[in-house]
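Here is what each chain is made of, one letter per residue.
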Amino acid sequence: MFFHIILERNMQLHPRHFGRNLRDNLVAKLMKDVEGTCSGRHGFVVAITGIENIGKGLIRDGTGFVTFPVKYQCVVFRPFKGEILEAVVTMVNKMGFFAEAGPVQIFVSNHLIPDDMEFQSGDMPNYTTSDGSVKIQKDSEVRLKIIGTRVDATEIFCIGTIKDDFLGVINDPATA
Amino acid sequence: MSLEPFNRLVKLAARAFYDDISTKGDNQPKTGRSDNRGIAVVVLDALTRRQWVREEDLAKDLKLHTKQLRRTIRFFEEEKLIAREHRRETAKGAKIFSAAVAATADGHHTKEGEEKVKLHTHSYCCLDYAQIYDVVRYRLHRMRKKLKDELENKNTVQEYICPNCSRRYTALDALRLISPDDEYFHCENCNGKLEAESDKIAAQEAGDGDDNARRRRREKLKSMLQKMEEQLKPLVDQLTRVKDLPVPEFGNLQAWEARAHAAGRGGLGDGSSNDPSKSSQGLGYGGTPMPFLGDTKVEVAFAGLDGKDDVKSETVSASLKVLPPWMIKQGMNLTKEQRGEVKEEVKMDGTSTSSTFSDDKKSSVETDDKKSIQDEYVKAYYAALLKKQQELEEAAKKQQELSSSNAANGDTGTSSTRQVGMKLKREDDEGDEDVEWEESNVAGNTNENYKVNDLNVQAEPSGEDEDEDDIDWEEG
Ligand SMILES: [Zn+2]
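My aim in this report is to walk through the structure given alongside it, one point at a time. Note that the coordinates shown come from a computational prediction; the quantities given were computed from them, not determined experimentally.

1. Considerations on the pattern of salt bridges
So, step 1. Across all of its chains, the model carries 24 salt bridges over all chains by this definition.
So, step 2. For arginine 54 of chain B, the salt bridge goes to aspartate 57 of chain B, with nearest N and O atoms at 3.6 Å. Assigned by exposure class, arginine 54 of chain B and aspartate 57 of chain B land together as buried.
So, step 3. A salt bridge links arginine 144 of chain B to glutamate 229 of chain B; the shortest N-O distance between them is 2.8 Å. On the criterion of sequence distance, the pair formed by arginine 144 of chain B in helix 6 (residues 129–151) and glutamate 229 of chain B in helix 9 (residues 209–231) is long-range, its members being 85 residues apart.
So, step 4. Given the relative accessible area of 24%, arginine 144 of chain B is considered partly exposed.
So, step 5. On the basis of relative accessible area, glutamate 229 of chain B is assigned to the partly exposed category, the value being 32%.
So, step 6. Overlapping salt bridges, with partners in common, bring together Arg150 and Asp152 of chain A together with Arg167, Asp173, Arg176 and Glu188 of chain B in one network.

2. Re the coordination of the zinc ion
All names here are of chain B.
So, step 1. The protein atoms that coordinate the zinc ion are Cys162 (SG), Cys165 (SG), Cys187 (SG) and Cys190 (SG), at distances of 2.1 to 2.3 Å.
So, step 2. For the zinc ion, the four donor atoms are set out with angles of 97 to 123° between them, so the coordination reads as tetrahedral.
So, step 3. The sequence motif formed by the donor residues of the zinc ion is C-x2-C-x21-C-x2-C. Of this pair, cysteine 162 sits in the loop between strand 4 (159–161) and strand 5 (168–170) while cysteine 190 sits in the loop between helix 7 (174–177) and strand 6 (195–196); the two residues are 28 residues apart in sequence, bridging distant segments of the chain.

3. Some thoughts on the interface of chain A and chain B
So, step 1. Chain A puts 26 residues into the contact, and the matching count from chain B is 22 residues.
So, step 2. Counting across the chain A and chain B interface gives two salt bridges.
So, step 3. Between aspartate 173 of chain B and arginine 150 of chain A there is a salt bridge; the shortest N-O distance is 2.6 Å.
So, step 4. Across the chain A-chain B interface, the total number found is three residue pairs in polar contact (both at pLDDT 80 or more).

4. Details of the sheet that holds strand 6 of chain B
Residue and element names in this part refer to chain B.
So, step 1. If you walk across this open sheet you meet the three strands as 5-4-6, and the pairing is antiparallel. The open sheet has two free edges, formed respectively by strand 5 and strand 6, since each of these has just one partner strand.
So, step 2. Relative to strand 5, strand 4 is paired through three bridges, and the arrangement is antiparallel. Each residue of the ladder has a partner; that of tyrosine 160, found in strand 5, is tyrosine 169.

Conventions adopted
- Residues numbered from 1 in each chain as written.
- Chains lettered and ligands numbered in written order.
- Predicted model: local features only at pLDDT ≥ 70, side-chain atom pairs only at ≥ 80, totals over all residues.
- Heavy atoms only, no water.
- Salt bridge = Lys/Arg side-chain N within 4 Å of Asp/Glu carboxyl O.
- Buried < 20%, exposed > 50% of the residue type's maximum accessible area, 1.4 Å probe, protein only.
- Helix = DSSP H or I, 4+ residues; strand = E, 2+ residues; numbered from the N terminus.
- Donors = N, O, S within 2.8 Å, 3.2 Å for Na, K, Ca; no water.
- Tetrahedral: all angles 85-135°; square planar, octahedral: opposite > 155°, others 65-115°.
- Contact = heavy atoms within 4.5 Å.
- Polar contact = N/O pair within 3.5 Å; in protein donor to acceptor, adjacent residues only side chain to side chain.
- Pairing = 2+ DSSP bridges.

In structure tokens form, the structure reads like this:
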């Protein structure tokens, strides 16, 4: 799920950036530092959308670096148990398949793939129905439901299922 | 539309799912005395015999406290079985019925002396069959799915075990376990091939104690599922029976009223369960008149007796209505010849007999003014009506006679009643106060009053348009 939230971060800025463009430099550094990171609490920071407030800088003894407390608005993506996501399959093996929905990785074990889909090994390992009408392989797009998440300080990993109504392949690269 | 299969569905569902629902206030002690389990079923059953019903009336019928009923109703509203509507209306629409109101006094209407138009919020409820069908199916689906999911270990995190070192992993570790070499997960310790745990259980049937527990659990789930299918079979059967039938649809309260009006259905004994006792109770409520309970008599008497009420009624609605023939007959005991007369004369009679009304002049002027097509309608209608009435003259009781005549009218002369109704509407739009009935609508009480009447018709669908209208103007 996506959220638009306000976060705060203490930015350290090298003295060479001081001057007219201090603010711009600060924001550029913030984007570079923050976008694409993941925190267990808030999820993946997708994009910074605005600066709320920049506090007074504090000069660090000895180094000359200045620390600015920056409040910024950003879009974050946080997967939840029970959430339905659309994801792209990245890898298929005998144990199931891995997929990505944006920054988040999801594993679907073979127990949570419909029973009528069989694993086929080979160049392009895949899960296929007996009549061959539905095939899950690398780059297939699937709709899945998250049934578990593991949230570490800097990482979120999910497991999902496609064994439920309206889940499964939504776009087959072979036919597209 | 046939209600029976759907009502059966409701009854089955009530017994299956709402049998032991107890709706208590949170602060009430859970003593045996306040145990009201089963009420839910009674309420649902009662609702299958009604359409839209005022909740106070229902409470009376069921001899329940209004509060208690409300709680149950609210519960079912949350369960999406019941549609509810609340609206503010005059507690006592018409002074004309003060006598009747006094007879069946209850705390809800205003005092007799109080002449202000007071608004009270009334709640109405009725079963929402279409939704009930869906709700029951959904409930069954959820039950089945939950049991089956548990049975199949669906939505549980897959566990893996290393056959060499017995280290356990879950699917959440999957990312760390994949190997570039083959299609299996590998142990982080010994690089052994991991096995999915359920496979292992399947492999070694006689597991340790843990596995036994798991198996017992499976057994239990299985038997629960089986029991569910068994015990709910009648309900499921009824669902399939109902599947292709058109769902009874009452619409919202207003639409339902309108339809009840238009249909002018006759007969006391139809699906909406209006037996006379009930209707009389309803009458007690805020003086909302039932069309054919002999109220006409009361009206006339009232008009004669009560001067001050007249004043009030004037303010509310302008004019006195010409009494239609059946009304005259009941109130005044006119002879047959008189009743057989054409409309103008009837009109004269009406105005003269009820000369006690202070707004007499106005009305008479107005009535004299219009010799329009209306008269034609009315004449034709009255003629038909009189004929009918004469036929029914022999019927034993006045009440019965009246109601039956209405009913008969509904049967024979639907078209004519419709026309009259339409006419009224059109004139209403024009703002042309040609007819007294309209005036009653246009002035004073207006909507509230009108609604109250409508209501009655709902409660008692055998009511007729004309009756309603008459009452309306008399009511003022
Ligand atoms: Zn191992």
